[in-house]
Every structure is written in C-alpha cells, then in structure tokens.
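# Reading the structure
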Amino acid sequence: MLTISPSILACDFSRLKDEVSAVYDAGAQWLHIDVMDGHFVPNITLGPDIVKSIRDKTKAFFDVHLMISDPLFYIDAFAKAGAELITFHVETQSDIKKTIEKIKGHNIKAALSIKPNTPVSALKDYINDIDMVLVMTVEPGFGGQSFMADMIPKIREIKEMKSDMLIEVDGGISAENAKLVYDAGARVLVAGSAIFNKADYKKAIDDIKGACKA
Ligand code: DX5
Ligand code: ZN
C-alpha cells in the first residue's frame, strides 16, 4: 500500500474547493489538512469551520494534522467537522492518553507525530494505542522547506518498535526523495509543494508513486 496525502497548505486558498477536488481526481485518496495555532508553531492556518466547508467537496480521507498547543480541547470540533484521522504531536501540552481516547471516542483514527528533534523513544508509551505515526521530515510550521534525510532512520526505528505500524512522513517530500522514505517503511507520503506547485497534479502524484516503486 502507498498513499499520497496532498497538503493543502500549498494550494491556492482562494480556490480551495477546486484544489481539493482536483487532487482527488488526480489520484490522491487522502487530503492532508495542516492546522496551526500560532503557539505550537509560528504560523496560523485554518480551523474546523474550513474543514467542514470542504467536507462535501471531495470523497478524500481527511488526514488532519494538528500543530496546536492544546489538541485535546479541539478534538470534538475537528471530528465533527469531518476529520477521519487526527494526528497530534507528542510534544504538545495536552494529556496524550486522554487525547488519544478522545479521538477514538469519535470512531476515527488517532496518530502521533514527532518533530525532528524528538526521539522515537518518546512514542513508546503510546505505540499500541495509535493507528499511525507521523514522522516530521522538516521543522513543522511552513510548507516548501527542504527534506531532512537524517530523519530516515527514525522510520526504521519505529518499525523495530512495532513492525506493523503505519508510518506517514511530512515535509519536503518529492519524487526525488520518495523512494528513500518508502524503502525505510513509510506508506503515507504527505506532499504539499511537490504537488500544488506543479501545473499537472496527476503527473506530480504519479511521479511520486512511480519513484517509490522504481
Ligand atoms: C509543515 C506541514 C506540512 C507541509 C508540507 O508543518 O506539516 O504538511 O505543508 O509541505 P511541503 O510538502 O511543501 O514540505
Ligand atoms: Zn502536515
């Protein structure tokens, strides 16, 4: 299995509805929605009302990445808005076990993410309670940054901790480095600028998929 999850952070927000349906039609089954609060990261993006507004514009699986200081407080709102998977950060202030329980209480998937400076060992108390791990391959906050190849060993380490864990990677992913993360064990690849900055979304998605299988 290989899933491409286009990050709408790189889309043309003035045409959000069209962008969201275009990447689904171009072959991406997931949609990566980056939520930033200006506290956990130095950037502000969007909230549950925007998620809700695009929920019926696509059949894509809503992969919501919360980069916010208190995810526990906002789980209900994002779940009601249509999130099907909520990822939050192990570095947040919320109680991690309670936040996972809250997400699962909505019958949706729960994932934890680690920033570049956070070791895989930070996941060990939660690894059996979550559906996915998101390995950040850039410092969270902005799209269009360079891929950090030194994060690749973390993918293997997570596989050693739990061999069947689904792993997503996020940050600077393109057709040039997709095979590196795929071979290490990542099966969900987030890509923002590598898709939305291209004229042909289908070609951009096919190029990333093709690189993994090469
Ligand atoms: C960064 C976000 C990413 C970002 C990826 O904090 O979590 O999802 O939008 O964008 P690219 O693929 O351009 O690095
Ligand atoms: Zn993200």
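The structure reproduced in this document is the subject of the present report. (Residues numbered from 1 in each chain as written. Chains lettered and ligands numbered in written order. Predicted model: local features only at pLDDT ≥ 70, side-chain atom pairs only at ≥ 80, totals over all residues. Heavy atoms only, no water.)

A few words now on the site of ligand 1. Near ligand 1 lie 20 residues; those nearest to it are Asp34, Asp170, Gly172, Gly192 and Ser193. Between His32 and ligand 1, the recorded distance is 3.4 Å, taken from a side-chain N or O atom to an oxygen atom. At 3.3 Å, a side-chain N or O of His65 approaches an oxygen atom of ligand 1. Burial of ligand 1 by the surrounding chains reaches 100%, relative to a free accessible area of 380 Å². (Near = heavy atom within 4 Å. Polar contact = N/O pair within 3.5 Å; in protein donor to acceptor, adjacent residues only side chain to side chain. Areas by Shrake-Rupley, 256 points an atom, 1.4 Å probe, with all protein chains shown as cover.)

This part is about the coordination of the zinc ion (ligand 2). Protein coordination at the zinc ion (ligand 2) comes from His32 (NE2), Asp34 (OD), His65 (ND1) and Asp170 (OD), with a distance range of 2.1 to 2.3 Å. Angles of 70 to 170° at the metal separate the six donor atoms of the zinc ion (ligand 2), which places the site in the octahedral class. Mapping the donors of the zinc ion (ligand 2) onto the primary sequence yields the spacing H-x1-D-x30-H-x104-D. Here Asp34 is found in strand β2 (residues 30-36), whereas its partner Asp170 is found in strand β7 (residues 166-170), with 136 residues between them in sequence. Given a relative accessible area of 5%, Asp34 falls into the buried group. (Donors = N, O, S within 2.8 Å, 3.2 Å for Na, K, Ca; no water. Tetrahedral: all angles 85-135°; square planar, octahedral: opposite > 155°, others 65-115°. Helix = DSSP H or I, 4+ residues; strand = E, 2+ residues; numbered from the N terminus. Buried < 20%, exposed > 50% of the residue type's maximum accessible area, 1.4 Å probe, protein only.)

Given two aromatic rings, their pairing is described by the distance between the two centres and the angle made by the two planes. Counted under the stated rule, the structure contains three aromatic pairs. Taking the centre distance of 5.0 Å and the plane angle of 80° together, the rings of Phe73 and Tyr74 count as edge-to-face. For Phe73, a relative accessible area of 61% puts it in the exposed group. Taking 5.3 Å as the distance between ring centres and 75° as the angle between the ring planes, the aromatic pair formed by Phe196 and Tyr201 counts as edge-to-face. For the pair formed by Phe196 and Tyr201, the shared burial category is buried. The lysine or arginine in question, Arg55, covers the ring of Phe62, its NZ or CZ lying 3.6 Å from the ring centre. Seen from the ring of Tyr182, Arg187 lies directly overhead, with NZ or CZ sitting 3.7 Å from the centre. (Phe/Tyr/Trp six-rings, centres within 6.5 Å; stacked < 30°, edge-to-face > 60°. Lys NZ or Arg CZ within 6 Å of the ring centre and 35° of its normal.)

Before going further, it helps to examine the packing of helix α2 (residues 48-55) against helix α3 (residues 71-81). Describing two packed helices takes the angle between their axes plus the distance from one axis to the other. Viewed as axis vectors pointing N to C, α2 and α3 meet at an angle of 15°, and their least axial separation amounts to 8 Å. If you check the angle between α2 and α3, you find them roughly parallel. As α2 packs across α3, the resulting crossing turns out to be right-handed. Facing α2, whose interface residues are Pro48, Val51, Lys52 and Arg55, α3 presents Ala77, Phe78 and Ala81. Residue composition of the contact of α2 with α3, by class: five nonpolar, no polar and two charged. (Axes fitted to C-alpha atoms, helices over the stretch in contact; angles between N-to-C directions. Parallel < 35°, antiparallel > 145°, perpendicular 65-115°, else oblique. Left-handed = near helix turned anticlockwise from the far one by under 90°. Contact = heavy atoms within 4.5 Å. Nonpolar A, V, L, I, M, F, W, Y, C, P; charged D, E, K, R; others polar.)

We now examine the side chain of Glu168. Along the chain, Glu168 turns up in strand β7. No salt bridge forms around the buried Glu168; measuring N to O, its nearest opposite-charge neighbour Arg187 is 13 Å away. Those residues in contact with Glu168 that lie beyond four places of it in its chain are Ser5, Trp30, His32, Asp63, Thr87, Met132, Val133, Leu134, Val135, Val188 and Val190. (Lys, Arg positive; Asp, Glu negative; His and termini not counted. Salt bridge = Lys/Arg side-chain N within 4 Å of Asp/Glu carboxyl O.)

All right, on to the sheet that holds β7 then. Strand order in this open sheet of eight strands is β1-β8-β7-β6-β5-β4-β3-β2, and the pairing throughout is parallel. Two strands lie at the open edges of the sheet, namely β1 (3-6) and β2, each paired on one side alone. Direction aside, the axes of adjacent strands within the sheet are offset by 25° on average. Relative to strand β8 (residues 188-191), β7 is paired through two bridges, and the arrangement is parallel. Across the sheet, Glu168 pairs through a bridge with Val188, a residue of β8. Strands in contact with helix α4 (residues 96-104) are β4 (85-89) and β5 (109-114); relative to β5, the strand with the most contacts, it is inclined by about 145°. (Pairing = 2+ DSSP bridges.)

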